[in-house]
Amino acid sequence: MHGHAHHAHGHAHGHAHGHGHGHAAAGGRHDVAFATGIALNSAFVAVEFGYGIASHSTALVADAIHNLGDVAGLALAWFAAWLARRAPGPRFTYGLRSSTILAALANAVMLLLACGGLALEALQKLMTPSSVAGATVMVVALVGVGVNAVTALFFLRDRRHDLNLNAAFMHMLADALISLGVAVSGYLILRTGWVWLDPLVSFAIMTVVLLSTWRLLRDSALLSLHAVPAHLSSAPVARFLEAQQGVSGVHDLHIWALSTTEVALTAHLVMPLGHPGDDFLDELAHALRDEYAIHHATFQVETGVAGHACTLLEGAGRH
């Protein structure tokens, strides 16, 4: 972490940010996870689609189509993770970190679209039922459970700290549940001959996936709108800043996500005794990172002699 301070137009501006030292290793581990997951699922999609056609199973074909969408989702998440590691430049001064947020949002939308397609296929099959090779459906679906569960495990460790990886995990977990449901329907059809179970299970699967997708869609949409990340609240951070020695007030506090793993903050600190020095800014940025996982903090120090409200808030109320 390092800090900068300079004077301009009577104001003092402080800037400090921290860089993690495990990103390269994590990125390499995730590259292997993404590549392996895409390879496994691509191979399974081809097998599942072929057996779905041969066994006349709408659930199996729908699951294969859904898996194909998830292969695209994994590729999108991987590409976004790669973009996020690119260095900032003169045009993208924060780099391309926010691409991970867009990828998570796109993955949520893709899951919803897949649910819509699954519902249409199931409805058509329910209206015009046909024979289903239950044994084939069960065996292929169980293979799918294994493939998707293994892929999901690749992202289990870091999913709570990265919405983009959580999106990949949710895709694979949803696929494992779908494949499990298809396997159960294949077994029941084999035992009872009730072919209407095939589309009925599809509807049940769709409901589970919709419920699991809602949170991902909500969180990624909020982050794309620069909302304060869910694990943070502006009020405690403001009180923390106000409690610092020499700070009499805080205004124009902004907290938003740079990516699915990094958070930024800007704030005006009113310090009547003047600029406290670079060490103070460095220590404050370190404290924000340790206490609130805020990785990139920028401060403007003011003495309170004149107002310096952010122009974004003019006519829109202060916060």
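Residues numbered from 1 in each chain as written. Predicted model: local features only at pLDDT ≥ 70, side-chain atom pairs only at ≥ 80, totals over all residues. Heavy atoms only, no water.

Asker: Sorry, what's going on with unusual backbone geometry here?
Answerer: Here H226, not a glycine, exhibits a phi torsion of approximately 65°, which is positive. With respect to the element layout, H226 can be found in the loop between helix 6 (197-224) and helix 7 (234-242). Judged by relative accessible area, which is 53%, H226 ranks as exposed. A positive phi angle, close to 50°, is found at D252, a residue other than glycine. (Helix = DSSP H or I, 4+ residues; strand = E, 2+ residues; numbered from the N terminus. Buried < 20%, exposed > 50% of the residue type's maximum accessible area, 1.4 Å probe, protein only.)

Asker: Any chance you could explain the pattern of salt bridges here in plain terms?
Answerer: Side chains carrying opposite charge are able to pair once their charged atoms draw close together. Taken as a whole and assessed by the stated rule, the structure comprises three salt bridges. Here R97 and E262 are joined by a salt bridge, their closest N and O atoms 2.6 Å apart. Of the two residues, R97 sits in the loop between helix 2 (58-84) and helix 3 (99-127) while E262 sits in the loop between strand 3 (249-257) and strand 4 (263-270), which places them 165 residues apart along the sequence. Residue D290 is joined to R289 by a salt bridge in which the shortest nitrogen-to-oxygen separation is 3.6 Å. With a relative accessible area of 28%, R289 lands in the partly exposed category. (Salt bridge = Lys/Arg side-chain N within 4 Å of Asp/Glu carboxyl O.)

Asker: What is the right way to read the pairing of strand 5 (residues 296-302) from this model?
Answerer: Remark: a regular strand shows side chains that alternate across the two faces of the sheet. Counted residue by residue, strand 5 has six buried out of seven residues, so it is predominantly covered. Pairing geometry for strand 4 and strand 5, over seven bridges, is parallel. What sits directly across from L269, in strand 5, is V301. You can see the chain leave strand 4, run along helix 8 (residues 278-292) and come back into strand 5, and the turn it takes is right-handed. (Pairing = 2+ DSSP bridges. Right-handed = clockwise from strand over helix to strand, strands pointing away.)

Asker: Can you help me understand helix 6 in this one?
Answerer: Side chains of residues three or four places apart in an α-helix project in the same direction, reflecting 3.6 residues per turn. Here helix 6 spans 40 Å end to end across 28 residues, near enough to the 40 Å set by a 1.5 Å rise per residue. At T213, helix 6 shows its strongest bend, of approximately 30°. Two residues or fewer after helix 6 comes H226, characterised by a positive phi angle close to 65°. (Expected span 1.5 Å × (residues − 1). Bend = angle between axes of the 7 residues up to and from the residue.)

Asker: Just checking my understanding: could you explain a nonpolar patch on the surface for this structure?
Answerer: Together, L142, L180, V184, Y187 and L188 make up an exposed nonpolar region whose accessible area comes to about 410 Å². Here the element with the most residues in the nonpolar patch is helix 5 (residues 163-192); it accounts for four residues. By secondary structure assignment, the location of L188 is in helix 5. Note on L188: relative accessible area 32%, which makes it partly exposed. (Patch = residues over 30% accessible without salt bridge, like charges linked within 9 Å, V, L, I, M, F, W, Y side chains within 5 Å. Areas by Shrake-Rupley, 256 points an atom, 1.4 Å probe, with all protein chains shown as cover.)

Nothing here speaks to function; it is geometry throughout.
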